[in-house]
Amino acid sequence: MKNILICAALMSAFVATAQTPAAPAAAKPGLTLTSSAFEDGGIIPDKYTRAVEAPVSPKLTWTHVPDGTVSFALILHDPDTSLQKTTSQVLHWMIFNIPGSAHELAENVPTEATLPDGSIQAGNTGKKIGYYGMGAGAAGPYHHYTFELFALDTKLSLGPDATQADVLKAMDGHILGKGVLVGRFHRP
């Protein structure tokens, strides 16, 4: 009888252990985008805005790149705008086919359509290639300028004449990760 009770206890313990799900693997941190020029949610210094005559792009750095990343795309826009009573926003910068081995964009990226590393810059709302500094007027609240970095499993087959809609459509189904950095600005 004693052996039967021991067997029953062991079977009960085995069944309970078999039904306990394994602990989930620790989640990896997601793609993280930062800048040495300002903190996430912070005020963007004037040198990167149209508060000065010749604004330059800020240095951007990213970490926790997803496995399999072939290229990156960066879109900088102002979600606090509504152009011509539409859902269109001001596009300040769009650069894609940044090599998957890259971990930063230097300050003052040249305003050339194709960069030496193969990155491609498309036109912005100002109808120019490259970075377009922030310019929210003094009347009203600070605008939130959103830098969105996408890690992609492919290079995009687009050129500098691509629109934001073209880039978003080409990225669809290829996004491995996304990092977002927000800065605020309005003219004094």
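Residues numbered from 1 in each chain as written. Predicted model: local features only at pLDDT ≥ 70, side-chain atom pairs only at ≥ 80, totals over all residues. Heavy atoms only, no water.

Peer 1: Go over the side chain of Asn124 with me, naming the residues and quoting the values.
Peer 2: Topologically, Asn124 is positioned in the loop between strand S6 (120-121) and strand S7 (143-152). Within the structure, Asn124 has its side chain in polar contact with the backbone oxygen of Gly130 (distance 2.8 Å). Not counting residues within four places of it along the chain, the set of residues in contact with Asn124 comprises Leu91, His92, Trp93, Ile129, Gly130, Tyr131 and Tyr132. (Helix = DSSP H or I, 4+ residues; strand = E, 2+ residues; numbered from the N terminus. Polar contact = N/O pair within 3.5 Å; in protein donor to acceptor, adjacent residues only side chain to side chain. Contact = heavy atoms within 4.5 Å.)

Peer 1: Tell me about the nonpolar core, and please be specific about residues and values.
Peer 2: A general trend in soluble globular proteins is that nonpolar side chains are found buried together. Of all hydrophobic cores here, the largest spans 27 residues; its most connected members are Trp62, Leu74, Trp93, Leu105 and Phe147. At the level of elements, strand S2 (60-63), strand S3 (71-78), strand S4 (90-99), S7 and strand S8 (175-185) are the ones that each hand at least two residues to this core. By residue number, the principal contributor to this core is S7, which donates four residues. If we ignore the near neighbours within four places in the chain, the residues touching Trp93 are Ser57, Leu60, Leu74, Ile75, Leu76, Leu105, Val109, Gln121, Asn124, Gly130 and Tyr131. By size, the runner-up hydrophobic cluster in this structure holds 13 residues, among which are Met94, Phe96, Leu156 and Ala162. (Core = buried A, V, L, I, M, F, W, Y, C linked by side-chain atoms within 4.5 Å. Buried < 20%, exposed > 50% of the residue type's maximum accessible area, 1.4 Å probe, protein only.)

Peer 1: An account of the environment of His92 is needed here, citing residue identities and associated values.
Peer 2: Assignment of secondary structure puts His92 in strand S4. The buried category is assigned to His92, whose relative accessible area is 1%. In sequence terms His92 and Gly123 are 31 residues apart; their C-alpha atoms lie 8.8 Å from each other. Of the polar contacts made by the side chain of His92, one reaches the backbone oxygen of Tyr132; its length is 2.7 Å.

Peer 1: Which residues make up the sheet that holds S2, and what values do they have?
Peer 2: Consider a sheet: its strands pair through backbone hydrogen bonds, and that pairing is either parallel or antiparallel. Sheet architecture is open: three strands sit in the order S1-S2-S5, paired in antiparallel fashion. Unpaired on one side and paired on the other, strand S1 (32-34) and strand S5 (104-105) mark the two borders of the sheet. Summarising the sheet, S2 and S5 pair through two bridges and their orientation is antiparallel. Its bridge partner lying in S5, Leu60 is registered against Leu105. (Pairing = 2+ DSSP bridges.)

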